[in-house]
Amino acid sequence: DVQIPVDVTLNLSTETNFDGLAWTLVAGYSLHRTETPNVELLAGARLLDLEATVEWNLTAEITTPGGEVILPAQGTIAQDKPLWDGIIGVRGHFALGEGKWSLPFYLDAGTGDTELTWQAMAGFTYSYGWGDLMLVYRHLAYDQGDDKLFETLSFSGPGIGARFRF
């Protein structure tokens, strides 16, 4: 437990970037299909590819009291980690009366490179002859465990979309 004093004016510039790409690929089997409720069982895989980068530019290097350099004045650290997980889940919708409105839902969970990943989505859909317009809220979460690029990570927010019928 050696304390190393660092001057607050030491930092000239620091930049942190966190980039990611998520893909979910599933196939489904219809458990119950009518105009009102529709429920499908899903199985598939999810990829989350993350890259974290930190760049720094300091006025001096940081050393221990013995003179050992523990952080050079300039540098970059980067780590890239693709995570593949197998998932299972359900999706479907419930019609609201006899009209064109319905309530879509989606829920999956899985494991593989992570200890647990899960995703949930619910919202409103309006049907047209060509397909549907959707307004939803979605949450995607990862728990990777200790000593990894990240321990837990989650994304939440509203979404709009279109589904086309052929």
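This one's a predicted model, so the numbers in the text were calculated from it and none came from an experiment.

Draft legend 1. View of the overall build of the protein. Scanning the protein for helices and strands turns up zero helices and nine strands. Each helix and strand of the protein, ordered N terminal to C terminal, gives the series β-β-β-β-β-β-β-β-β. Here the C-alpha radius of gyration of the protein, 24 Å, is well above what a compact globule of 166 residues would show, namely 15 Å. Here the C-alpha coordinates of the protein stretch approximately 75 × 30 × 25 Å along the principal axes. The burial tally for the protein puts 28% of its 166 residues in the buried class. The contacts of the protein with a sequence gap of at least 6 include a subset with a gap of at least 24, amounting to 53%. For the protein, the accessible surface area stands at approximately 11,100 Å², while carbon and sulfur atoms represent 59% of it. Measuring between centres, the 9 positive side-chain charges of the protein sit 20 Å from its 22 negative side-chain charges.

Draft legend 2. Representation of the pairing of strand β7 (residues 116-127). Note: strand β6 (residues 101-112) against β7, eight bridges, orientation antiparallel. Its bridge partner lying in β7, S102 is registered against T125. Hairpin connection, β6 to β7: the antiparallel pair is bridged by three residues. By the bridge criterion, 12 bridges tie β7 to strand β8 (residues 131-143) in an arrangement that is antiparallel. Residue pairing in the sheet places F124 in a bridge with L135 of β8. Linkage of β7 to β8, two consecutive antiparallel strands, is achieved through a turn of three residues.

Draft legend 3. A look at the environment of N17. Tracing the sequence through the fold places N17 in strand β1 (residues 11-33). Taking the C-alpha atoms as reference points, N17 and A78, separated by 61 residues in sequence, lie 9.2 Å from one another. Side-chain polar atoms of N17 contact the side chain of E15, separated by 3.2 Å.

Draft legend 4. Summary view of a negative patch on the surface. A cluster of acidic residues, E115, D143, D146, D147 and E151, forms a negative patch on the protein surface. With respect to the helices and strands, D143 occurs in strand β8.

Thresholds applied
- Residues numbered from 1 in each chain as written.
- Predicted model: local features only at pLDDT ≥ 70, side-chain atom pairs only at ≥ 80, totals over all residues.
- Heavy atoms only, no water.
- Helix = DSSP H or I, 4+ residues; strand = E, 2+ residues; numbered from the N terminus.
- Rg over C-alpha atoms; globule rule 2.2 N^0.38 Å.
- Buried < 20%, exposed > 50% of the residue type's maximum accessible area, 1.4 Å probe, protein only.
- Contact = heavy atoms within 4.5 Å.
- Areas by Shrake-Rupley, 256 points an atom, 1.4 Å probe, with all protein chains shown as cover.
- Lys, Arg positive; Asp, Glu negative; His and termini not counted.
- Charge placed at Lys NZ, Arg CZ, Asp CG, Glu CD.
- Pairing = 2+ DSSP bridges.
- Polar contact = N/O pair within 3.5 Å; in protein donor to acceptor, adjacent residues only side chain to side chain.
- Patch = residues over 30% accessible without salt bridge, like charges linked within 9 Å, V, L, I, M, F, W, Y side chains within 5 Å.
- Salt bridge = Lys/Arg side-chain N within 4 Å of Asp/Glu carboxyl O.

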